[in-house]
Amino acid sequence: MSLVDGLRSPHTPLRRFLDRELSAGAKPLRDSYRAQHRADHVLLPPPGVGTEAGTVGTAIDQRLRLSFAAAAPVDDASLIGIDLTGGIGARGAGLRMRAVGNELAVRLTETVRRLDLDNRELPVDRGQDEEEVLARMLIAAAWYQVLARTPIGFAFTPLAKAALEDPDAFTLTRLLDLPHSDLVADVAAQLHKAAHGPLEALRARTGPEDCIGGPTFAGAQITADADLVVDGLLLDFKSARRPLAELSKRTAWQLTGYLLLDAADRYRVDTVGLYLTRSGVLASWPVDDFLDLLGACRRDLTELRQVFAELLAGCRGRADRPGCATAEETERIRQLLEHLGPVAGPGSCPVCTQPLPEATRRPRKFCTTWCRGRAKVLQRHGLLPGGPRPLIPGPRKERLELPDDAEIVSITAQVPR
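Residues numbered from 1 in each chain as written. Predicted model: local features only at pLDDT ≥ 70, side-chain atom pairs only at ≥ 80, totals over all residues. Heavy atoms only, no water.

> Quick question: what am I supposed to make of a positive patch on the surface here?
A grouping of Arg-361, Arg-362, Arg-364, Arg-372 and Lys-376 is seen on the molecular surface, where their side chains present a positively charged patch. Along the chain, the position of Lys-376 falls in helix 16 (residues 369–380). (Patch = residues over 30% accessible without salt bridge, like charges linked within 9 Å, V, L, I, M, F, W, Y side chains within 5 Å. Areas by Shrake-Rupley, 256 points an atom, 1.4 Å probe, with all protein chains shown as cover. Salt bridge = Lys/Arg side-chain N within 4 Å of Asp/Glu carboxyl O. Lys, Arg positive; Asp, Glu negative; His and termini not counted. Charge placed at Lys NZ, Arg CZ, Asp CG, Glu CD. Helix = DSSP H or I, 4+ residues; strand = E, 2+ residues; numbered from the N terminus.)

In structure tokens form, the structure reads like this:
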């Protein structure tokens, strides 16, 4: 199961749980985010970035992580992608890609350690030439990640195209020449912006021992990795070209998912936040304020984490899927969601389940006008009593069988998202 996959469709058990549990939706949090977002200038991608904006985002995310904690110079997803390339059998291209990927991992590790990137006595950024070389390596590593995360897109990466076109000529030098100069410049520009803003101040007041890059959540029954935990601050990096349009419901739910997955409180998170790499803005919220803005029905974090863990365990590996395999499975998931749904006790708001304020004249049904308006939305989507029956897509129709001579090649992996 993947947290990111589970947030894509409104019909997955994961989304239905969060849509009901976070009764206010994302708007109050988005309004708070926009109030914090004060930027004089936003870095726009150069023309050559084009469809590689996601690659640049992956590369700058890893570069910023390394400035806080450089213990793992190559992230797990890149290592998994490197290993998976060996299974691509076209003219030996797969074995060549894996060999070059392993060389890349060694070179990147040596470079990160030589530059001492998490040394607080040195600035966030290094010299221009050093940063450009490092950016090329991180971009190449991001291409390997594609095979681990979304295999269907790997064939369209410059890495795969070059290796498949001429495996014998595919070397580390060739790989590091592939990134367009605009991609390299874009990574470097976002890093330089971070070197003179709130992220630099956060780095300066912490040490590498206080920071965990790419934190994962052992035993969570779903794959997920945030960008950084810094002394109790759970931080996600976003390289959106329109940062004011950021903090969609999916982003808010993703931050919530990271917070809830730390069931053992390993990271002792007391604040969650976003860092916008193109505007240099750091927006953050104490956990209590974060849950309040989202209208969490259960404000006790420990309790909410326990219920979330019950959901993931009860879904048996299907919390991120919009459909069920059988009719029995459909009904079981429906009953699970009903069992885990928040219950408003006497004298509580039916939307957010918080105690109703004392009425001066007639009894109140909702705690605020906001909850009154949200009730109609939640009922319409089957998330409150009185609305339509919750939609849990049932079993899909069987596909037509392929001819016996048809051949399908698929490369998949379970990695953190």
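> Looking at this structure, I do not really get the pairing of strand 5 (residues 281–286). What am I missing?
Only one face of strand 5 is buried: it carries Val-281, Ala-283 and Trp-285, and the other face, with Leu-282, Ser-284 and Pro-286, is open. The sheet contact formed by strand 4 (residues 271–276) and strand 5 spans six bridges and is antiparallel. Along strand 5, the bridge assignment pairs Tyr-275 with Leu-282. (Buried < 20%, exposed > 50% of the residue type's maximum accessible area, 1.4 Å probe, protein only. Pairing = 2+ DSSP bridges.)

> Just to check I follow, could you spell out the sheet that holds strand 4 for this structure?
Adjacent strands of a sheet form backbone hydrogen bonds with each other and so pair up, either parallel or antiparallel. Ordered in space as 1-2-3-4-5, the five strands form an open sheet in which the pairing is mixed. Edge strands, defined here as strands with exactly one partner in the open sheet, are strand 1 (211–213) and strand 5. Averaged over neighbouring strand pairs, the angle between their axes works out to 20° when direction is ignored. Of the strand pairs in this sheet, strand 3 (residues 233–238) and strand 4 are connected by six bridges, and their pairing is parallel. Counted as the bridge partner of Leu-233 is Thr-271 from strand 4. Lying on the sheet, helix 4 (residues 53–68) is in contact with strand 1, strand 2 (228–230), strand 3 and strand 4; it crosses strand 3 at an angle near 145°. (Axes fitted to C-alpha atoms, helices over the stretch in contact; angles between N-to-C directions. Contact = heavy atoms within 4.5 Å.)

> Help me understand a negative patch on the surface, please; the structure alone is not making it clear to me.
Where like charges cluster on the molecular surface, the negative patch consists of Glu-209, Asp-210, Asp-231 and Asp-270. Relative to the helices and strands, Glu-209 resides in the loop between helix 11 (198–204) and strand 1. Judged by its relative accessible area of 66%, Glu-209 falls in the exposed class.

> Would you mind showing me how to read the pattern of salt bridges here?
Where charged atoms of side chains with opposite charge meet at close range, the side chains can pair. One pass over the full model with this rule turns up 14 salt bridges. Note that Lys-238 is salt-bridged to Asp-236, the shortest N-O span being 3.4 Å. Assessed through its relative accessible area of 16%, Lys-238 is described here as buried. We note a salt bridge from Arg-332 to Glu-329, for which the minimum N-O separation is 2.9 Å. Placement of the pair is Arg-332 and Glu-329 together in helix 15 (residues 327–340), with a separation of three residues, close to one helical turn. Taking relative accessible area as the criterion, Glu-329 reaches 13% and is therefore assigned buried.

> Honestly, the domain arrangement of the protein chain in this entry has me stumped. Any pointers?
Reports of interface size often rely on the accessible area that becomes lost once the parts have come together. Under the domain assignment used here, the protein chain contains domain 1 (1–39 + 214–342 + 387–416) and domain 2 (45–203). Of the residues lining the interface, 23 residues belong to domain 1; the matching set on domain 2 comes to 22 residues. Carbon and sulfur atoms supply 65% of the area that domain 1 and domain 2 bury against each other, a total of about 2,100 Å² over both sides. Linking domain 1 to domain 2 there are three salt bridges. Of the charged contacts in the structure, one is a salt bridge between Arg-278 and Asp-186, with a shortest N-O distance of 2.7 Å. Counting across the domain 1 and domain 2 interface gives four residue pairs in polar contact (both at pLDDT 80 or more). Those elements that provide at least two residues to the side of domain 1 that touches domain 2 are strand 2 and strand 3. (Domains from an automatic or database assignment. Buried area = accessible area lost by both parts, 1.4 Å probe. Polar contact = N/O pair within 3.5 Å; in protein donor to acceptor, adjacent residues only side chain to side chain.)

> Would you explain unusual backbone geometry in this entry?
Leaving glycine out, the prevailing phi sign among residues is negative, and the prevailing peptide bond configuration is trans. Backbone geometry places Arg-268, a non-glycine residue, at a positive phi of 50°. Mapped onto the fold, Arg-268 is located in the loop between helix 12 (249–261) and strand 4. The phi torsion at Thr-353 lies on the positive side, around 65°, for a residue other than glycine. Of note, Thr-353 is situated in the loop between helix 15 and helix 16.

> What am I meant to see in the nonpolar core here?
It is characteristic of soluble globular proteins that their nonpolar side chains tend to be buried jointly. Ranked by size, the top nonpolar core spans 59 residues in total, and within it Met-97, Leu-104, Tyr-144, Phe-170, Leu-175 and Leu-199 carry the most contacts. Residue contributions to this core reach at least three from each of two domains, namely domain 1 (1–39 + 214–342 + 387–416) and domain 2 (45–203). Beyond its immediate chain neighbours, meaning those up to four positions away, Leu-175 contacts Val-100, Leu-104, Ala-140, Trp-143, Tyr-144, Leu-159 and Phe-170. With 50 residues, the next largest nonpolar core counts Phe-217, Ala-224, Ala-283 and Leu-311 among its residues. (Core = buried A, V, L, I, M, F, W, Y, C linked by side-chain atoms within 4.5 Å.)

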